Amino acid sequence: RSSEARVLAEIGRMPAAETQAALSQLERAPDSSVVSELRSHLLLRWASTDPGAAFDYWQRNSDRIAWKANVASDLFIQWASRDPNAALAHWRLSEPELADIDSAAGYALRQIFSQLARKNFTQAMVEAGQFTGEYRQEAMQGVASVPVSDENRGASLQNLLALPAGTDRGVALTAAVSSWFS
């Protein structure tokens, strides 16, 4: 365990620009659970500077990455913190590939919409309305979970109440009130 902690600490200190080279070196190593875990950690480090390229790597190598679903979700979350519009666009393009990691894909989508709503609440609501089914609920929960200060809760509540009556408004209101008092 201590050697694993040392390796993870080294990855954390590694300049993110060097992670791509490290991943290339791992390509020569025989696949094993240790190599797969290293690949996951390096990939998440790479995502701190270039989440799009890191996700492209994930797509090409997902069968060789430990914790495939969690890594994909974490990649999108890191991406959304930097550029939620780009993360959302790539999520939409990748949706068919994400089907086998459905719960992680939904969680990632919720986090993307949370970041998007922080930047532009109205755009986030419009974008969320374009989804259907479970992903629509995830998107709405993400929009509604944006923390707002006490003085902005009234305006946020007005935005949510302006949604058409139905499931979307119910999901959004529940998520908002839950986030406000948790």
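Structural data are supplied above this passage.
Residues numbered from 1 in each chain as written. Predicted model: local features only at pLDDT ≥ 70, side-chain atom pairs only at ≥ 80, totals over all residues. Heavy atoms only, no water.

S.K.: What should I look at first to understand the overall build of the chain in this one?
M.R.: Within the chain, the secondary structure is distributed over 11 helices and zero strands. Ordered by position from the N terminus, the helices and strands of the chain form the series α-α-α-α-α-α-α-α-α-α-α. Relative to its 182 residues, the chain shows a buried fraction of 41%. As displayed, the chain has an accessible area near 9400 Å², and 52% of this comes from carbon and sulfur atoms. Of note, the chain has its 17 positive side-chain charges centred 4 Å away from the centre of its 21 negative side-chain charges. (Helix = DSSP H or I, 4+ residues; strand = E, 2+ residues; numbered from the N terminus. Buried < 20%, exposed > 50% of the residue type's maximum accessible area, 1.4 Å probe, protein only. Areas by Shrake-Rupley, 256 points an atom, 1.4 Å probe, with all protein chains shown as cover. Lys, Arg positive; Asp, Glu negative; His and termini not counted. Charge placed at Lys NZ, Arg CZ, Asp CG, Glu CD.)

S.K.: Just to check I follow, could you spell out the environment of E134 for this structure?
M.R.: Mapped onto the fold, E134 is located in helix α9 (residues 133-144). Taking the C-alpha atoms as reference, E134 lies 9.8 Å from S103; in sequence the two are 31 residues apart.

S.K.: Mind showing me how you'd approach the environment of L109 here?
M.R.: Here L109 is to be found in helix α7 (residues 102-119). Dropping the residues within four chain positions of it, L109 is found in contact with L88, W91, F131, Y135 and A139. (Contact = heavy atoms within 4.5 Å.)

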